[in-house]
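Structural features, examined
Here are the chains, one letter per residue:
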Amino acid sequence: MKSEELFERARRCMPGGVSSPVRAYRAVGGVPRFVERGEGAYIFDVDGNRYIDYVLSYGPLILGHVHPAVLKALTEVLPKGTSFGAPTELEVELAETIKAAFPFVELVRFVNSGTEATMTAVRLARARTGRELILKFEGCYHGHADPFLVRAGSGGLTFNIPSSPGVPKGTAECTLSVPYNDRDAVEEVFGRCGEDIAAVVVEPVAGNMGVVLPQEGFLEGLRSTTKEHGALLIFDEVITGFRVEFGGISTRYNVEPDIITLGKVIGGGLPVGALCGREEVMGLLAPQGKVYQAGTLSGNPLAMKAGLATLEVLRKEMPYRTLRGRTEELADGVRELFRRKGIPCVVNYETGMFSIFFTERERVLDLEDVRTSSAELYSKVFHALLGEGVMLAPSPYESAFLSTAHDGEVIERTVEAFERALRRI
Ligand SMILES: *Cc1c(COP(=O)(O)O)cnc(C)c1O
């Protein structure tokens, strides 16, 4: 198997053989499939296998692989140069598109990753409030910057690294953490040290411990509590921005956070991140204000163009109802298969994203519920599905993503693959 050979080589020149931990298949066992190319809803590995792709680069590829509009856009800008370190019209256009989608957003700063966006958002919140503490939720992931590697989701959960070595004690101590959906815990923390909290940062739909939905009143409660105590509210919409609708969870719930962080979809598959909000906060960023942040490749023309092309297709086609319908169809189909097989599970979904928890619990609302889910069963299902040509993420804590290329037929094929896979486990 060529993937095996490549992984051998990779391990001799890169830590664990990968550029990002979850890719190494440690959570599910086996050898990661090295990818040759993607097309629509499918990816092809170097061993000649085709899979229906539910990883989709962990969220950015809402139009599927190599969408013609994105390819065309990139082909147009590529010959003109790949980076200038000077402003371009493309940044202005993308910033204007984001502003149009999030009515309360006045200023946008582009960076190169979601990690940079959330890291900068916290710096801004600290500068704005003159306070140091931040409050996050167990199982939420906000990138790999020091303040967030405390009870983090995604790879942090997969590898059970609750707080990474190398994070200074002082930094870790500035991060408070409570269970997702637990309004009482939030109130309690604010009652204890509300005047020291700079910001609450939250995934308004959690996607890094699997999909966990906010319960009624949770996000509204965060807004009123932060307001009352003079703290900022940061919605980390790096996954949900332009995935769940044109805009994000903040536009849907009519809750206005102080800062929104974006990434993934707005780069159309190229490296990007952004933070945005009203001028009174965003205007504190250099050079308008004194809070320093910069980037050699920030606003990169290829990333801006791929993002713009993606958002243009989304705005024109408004595929969100269809995408939601297909996600629901898949979630219902899969849930029913496991029910018939007598395997207890909860399937959570939001538009274009879902996850399966193998738990006896009725509902999965926070990390404690997530942790009752069987990782062993997930890995069995994962490998059985690989054998049937369906690729889920190689970790029980990553969400599965759909694209607009996952049409009715692809969904049907996926459910059939699940059915065959289930006979084998
Ligand atoms: C992926 C993700 C990030 C980090 O983005 P990177 O581009 O990987 O640095 C931050 N927050 C959330 C909610 C994410 O899903």
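Above this text is the structure in question.
Figured I'd write up the structure that's included with this text. (Residues numbered from 1 in each chain as written. Predicted model: local features only at pLDDT ≥ 70, side-chain atom pairs only at ≥ 80, totals over all residues. Heavy atoms only, no water.)

**Some points on the overall build of the chain**
A count of helices and strands for the chain gives 15 helices and 14 strands. Dimensions of the chain, computed from C-alpha atoms along their principal axes, come out at roughly 60 × 55 × 45 Å. When burial is assessed residue by residue, the chain has 58% of its 425 residues classed as buried. In the chain, the proportion of contacts linking residues at least 24 apart, taken out of those at least 6 apart, comes to 72%. With an accessible surface of roughly 18100 Å², the chain has 49% of that area assigned to carbon and sulfur atoms. One way to put it: in the chain the 47 positive side-chain charges average out to a point 3 Å from where the 56 negative ones average out. (Helix = DSSP H or I, 4+ residues; strand = E, 2+ residues; numbered from the N terminus. Buried < 20%, exposed > 50% of the residue type's maximum accessible area, 1.4 Å probe, protein only. Contact = heavy atoms within 4.5 Å. Areas by Shrake-Rupley, 256 points an atom, 1.4 Å probe, with all protein chains shown as cover. Lys, Arg positive; Asp, Glu negative; His and termini not counted. Charge placed at Lys NZ, Arg CZ, Asp CG, Glu CD.)

**Thoughts on empty space enclosed by the protein**
A full pass over the atoms with the stated rule returns one cavity of 30 Å³ or more. If you add up the space inside the largest cavity, you get close to 70 Å³. The wall of the largest cavity is formed by Phe354, Ser355, Ile356, Tyr378, Leu392, Ala393, Pro396, Glu398, Ser399 and Ala400. Per element, the largest residue contribution to the lining of the largest cavity is three residues, and it comes from strand 12 (residues 353-357). Residue composition of the lining of the largest cavity, by class: seven nonpolar, two polar and one charged. (1 Å grid on protein atoms, 1.4 Å probe; cavity = no way out; pocket = protein on both sides within 12 Å on 5 of 7 lines; lining within 4 Å. Points joined across faces, edges and corners; volume = space filled by probe spheres on them. Nonpolar A, V, L, I, M, F, W, Y, C, P; charged D, E, K, R; others polar.)

**Looking at the packing of aromatic side chains**
Under the criterion given, the structure shown has 10 aromatic pairs. Arranged with centres 5.8 Å apart and planes meeting at 85 degrees, the rings of Phe102 and Phe242 form a pair that is edge-to-face. Of the two residues, Phe102 sits in the loop between helix 3 (89-101) and strand 4 (107-111) while Phe242 sits in the loop between strand 8 (232-236) and helix 9 (249-253), which places them 140 residues apart along the sequence. We note that Phe102, like Phe242, is buried. Ring geometry for Phe338 against Phe358: centres 5.1 Å apart, planes inclined by 70 degrees, an arrangement best described as edge-to-face. Remark: Phe358 occurs in the loop between strand 12 and helix 13 (367-371) and Phe338 occurs in helix 12 (residues 320-341); sequence separation between them is 20 residues. Take Phe338 and Phe358: they sit in the same class, and that class is buried. (Phe/Tyr/Trp six-rings, centres within 6.5 Å; stacked < 30°, edge-to-face > 60°.)

**Section: the pattern of salt bridges**
A side chain of one charge can pair with a side chain of the opposite charge when the charged atoms of the two come close. Under the criterion given, the structure shown has 20 salt bridges. The partner of Arg252 in a salt bridge is Glu245, with the nearest N and O atoms 2.8 Å apart. Judged by relative accessible area, which is 31%, Arg252 ranks as partly exposed. Accessibility expressed as a relative area gives 21% for Glu245, which makes it partly exposed. Among the salt bridges present, the one from Glu388 reaches Arg424, with a minimum N-O distance of 3.2 Å. Of this pair, Glu388 sits in the loop between helix 14 (375-387) and strand 13 (390-391) while Arg424 sits in helix 15 (residues 408-424), placing them 36 residues apart in sequence. The network of salt bridges with shared partners includes Glu245, Arg252, Arg324 and Glu350. (Salt bridge = Lys/Arg side-chain N within 4 Å of Asp/Glu carboxyl O.)

**Re the side chain of Ser3**
With respect to the helices and strands, Ser3 occurs in helix 1 (residues 2-13). At 3.0 Å, the side chain of Ser3 and the backbone nitrogen of Phe34 are in polar contact. In contact with Ser3, other than residues within four places in its own chain, are Val31, Pro32, Arg33, Phe34, Val46 and Asp47. (Polar contact = N/O pair within 3.5 Å; in protein donor to acceptor, adjacent residues only side chain to side chain.)

The values reported here are purely geometric and, on their own, carry no functional implication.
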